[in-house]
Amino acid sequence: MSLRYSGGTGALFDKDSELHICKVDYQLMETEATKYTQKRWWGEFKCTKQLDKSGTFRIELEDGRKGNCVVWSDSESSQKNATFFSYHFNGRGKLGSNWKAEF
């Protein structure tokens, strides 16, 4: 199994309403799909906005890929007066690449 690392700038959207939530700086790790498993991807991102809740969101990366992911906060990093807030995310399946994002 190979592991691929990447990072950059992206955007976080509400999965249902397509509402833009915030710009993110992400670190992403990916495994390729095998005969028996789907592609998996996970990582963390920082943003200037504190999310109200954990849940399923859509992340769009600067290279045009996008996918739905579960986002949650590390309880230690969710201080109300912080400049940046840190979150973890986890997704499965292909990261779509049918468009080019503009950031």
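Predicted model, so just to flag it, every value in this text is computed and none were measured. (Residues numbered from 1 in each chain as written. Predicted model: local features only at pLDDT ≥ 70, side-chain atom pairs only at ≥ 80, totals over all residues. Heavy atoms only, no water.)

Digging into the overall build of the protein
- Within the protein, the secondary structure is distributed over zero helices and six strands.
- Order of helices (α) and strands (β) in the protein, N terminus to C terminus: β-β-β-β-β-β.
- The long-range share in the protein, meaning contacts at least 24 apart out of those at least 6 apart in sequence, stands at 56%.
- For the protein, the accessible area works out to roughly 6700 Å², and carbon and sulfur atoms hold 47% of it. (Helix = DSSP H or I, 4+ residues; strand = E, 2+ residues; numbered from the N terminus. Contact = heavy atoms within 4.5 Å. Areas by Shrake-Rupley, 256 points an atom, 1.4 Å probe, with all protein chains shown as cover.)

Some remarks on the packing of aromatic side chains
- Going through the model one piece at a time under the given rule, you end up with three aromatic pairs.
- In this arrangement the basic side chain of Arg 58 is found over the ring face of Phe 13, its NZ or CZ atom lying 4.6 Å from the centre. (Phe/Tyr/Trp six-rings, centres within 6.5 Å; stacked < 30°, edge-to-face > 60°. Lys NZ or Arg CZ within 6 Å of the ring centre and 35° of its normal.)

Re the confidence of the model for the protein
- Of the residues in the protein, 85% reach a pLDDT of 70 or more, and the chain-wide mean stands at 86.
- Between the elements of the protein, mean pLDDT differs from a low of 93, seen in strand S6 (residues 85–92), to a high of 96, seen in strand S2 (residues 20–31).
- For the stretch residues 99–103, pLDDT sits under 50, and the model shows 15 contacts to residues farther than four places along the chain or on other chains. (pLDDT = per-residue confidence, 0-100.)

Side note on the environment of Gly 7
- The residue Gly 7 is located in strand S1 (residues 3–14) in this model.
- Its relative accessible area of 38% is what places Gly 7 among the partly exposed residues.
- Separated by 19 residues in the primary sequence, Gly 7 and Tyr 26 have C-alpha atoms spaced 5.3 Å apart.
- With near-sequence residues (within four places) excluded, Gly 7 lies in contact with Tyr 26, Gln 27 and Glu 62. (Buried < 20%, exposed > 50% of the residue type's maximum accessible area, 1.4 Å probe, protein only.)

Observations regarding the environment of Ala 11
- Along the chain, Ala 11 turns up in strand S1.
- For Ala 11, a relative accessible area of 3% translates into the label buried.
- Spatially, the C-alpha atoms of Ala 11 and Glu 60 are 5.2 Å apart, while their sequence positions differ by 49 residues.

Some thoughts on the state of the cysteines
- Overall, the coordinates contain zero disulfides when judged by the stated rule.
- No disulfide involves Cys 22; its sulfur sits 3.6 Å from the nearest other cysteine sulfur, which is in Cys 47.
- Cys 22 gets classed as buried once you look at its relative accessible area, which sits at 5%.
- The buried category is assigned to Cys 47, whose relative accessible area is 1%. (Disulfide = S-S within 2.5 Å.)

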